[in-house]
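# Per-entry structural report
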Amino acid sequence: MARHADTIAEQLEELILSDAFSDGDRLDEVQLAKRFGVSRTPVREAIQRLALSGLVDLRPRRGAFVHQPDAVELMEMFEVMAELEATCARLAAQRITDDALAKLQAANQACEDAVAAGDADGYYRANEGFHHILYAQSGNRFLETETLRLKNRLKPYRRMQLRLRGRMAQSLSEHSAIVDALIAADGPRAADAVRDHVAVQGEKFHRLMATLQAAE
């Protein structure tokens, strides 16, 4: 059931980021269940997952409604995300274990394999593993939880970023800088590398917004 909910959540995410739904549209569980050929339970679970990302607004006794953040809100969230992850990296540079570092390098290798295959979805999954290790190795559970919370809100947009031409290869190069800084136990350099990796500024932000607008 969880797998069904995850699949439906991804499909709904795609629909919301395309022209299938507009901001403020109500998501009807019955209609969506018919559309996906499933019961209402996995649809309800999928909607709850999207509520974590902020793409869906759950209103008591009214239902679920599409919410698409505007450019300013999106920029603000990415700015905070970059700082949270930079803090994770700075702490992890001093605290990461040899075993976790090996797992981080393995996740980065999976990212490299996905780039070679042109597999954006595969890259996103491997990239998630890379970042989750980084959060955990900060050694700060509260920071890890808050970082994961915001990451879930930005998930649809981080996935879409990877579809920009050349972004996967650029992201992989940025990963290498992060890994090198962690190996060197250089906290400030690790923080700067992660901040540059996560921040969506300048041309990168304009390209992301143009992609979202084209989808609409």
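Because the structure is predicted, anything quoted here is derived from the model rather than measured. Every chain is numbered on its own, with residues counted from 1 as its sequence reads. Where local features are concerned, this predicted model is filtered to residues with pLDDT of at least 70; where side-chain atom pairs are given and counted, the filter is 80 or more; whole-chain, interface and lining totals use all residues. Side-chain measures were taken over the full set of non-hydrogen atoms in the model, leaving aside hydrogen atoms and water.

Two side chains that carry opposite charge are able to pair once their charged atoms sit near each other. For salt bridges, the criterion is a side-chain nitrogen of Lys or Arg within 4 Å of an Asp or Glu carboxyl oxygen. Under the definition given, this model contains 15 salt bridges. In this structure, the salt-bridge partner of D99 is K103, at a minimum N-O distance of 3.4 Å. Taken together, the residues D99 and K103, both in helix α5 (residues 98-117) and four residues apart, mark about one turn of the helix. A 1.4 Å probe rolled over the protein chains alone gives each residue an accessible area, and that area as a share of the maximum for its type sets the label: buried under 20%, exposed over 50%, partly exposed in between. According to the relative accessible area criterion, D99 is partly exposed, its value standing at 49%. Segments assigned H or I by DSSP are reported as helices when at least four residues long, segments assigned E as strands when at least two residues long, and all are numbered from the N terminus.

Here we come to the side chain of H197. Counting through the fold element by element, H197 comes out in helix α9 (residues 187-198). Residue H197 is classed as buried on the basis of its relative accessible area of 5%. Pairs of N or O atoms are called polar contacts if they sit within 3.5 Å, as long as, within protein, a hydrogen donor faces a hydrogen acceptor (for residues adjacent in sequence, only side-chain-to-side-chain pairs). There is a polar contact of 3.4 Å between the side chain of H197 and the side chain of H175.

Right, let's talk about the confidence of the model for the chain for a bit. Looking at the chain, pLDDT values average 87 and 90% of them are 70 or higher. pLDDT measures how confident the predictor is about each residue, on a scale from 0 to 100. Looking at the elements of the chain, mean pLDDT is at its lowest for helix α10 (residues 202-215), recorded as 59, and at its highest for α5, recorded as 96.

For R159, the location among the structural elements is in helix α7 (residues 141-161). Exposure remark for R159: the relative accessible area of 8% places this residue in the buried category. Counting along the chain gives 36 residues from R159 to Y123, while the straight-line C-alpha distance between them is 9.3 Å. Contacts between residues were defined by any pair of non-hydrogen atoms, one from each residue, lying within 4.5 Å. Not counting residues within four places of it along the chain, the set of residues in contact with R159 comprises E10, E13, D121 and Y124.

With that out of the way, let us pick up the environment of I16. Counting through the fold element by element, I16 comes out in helix α1 (residues 2-17). Separated by 50 residues in the primary sequence, I16 and V66 have C-alpha atoms spaced 7.4 Å apart.

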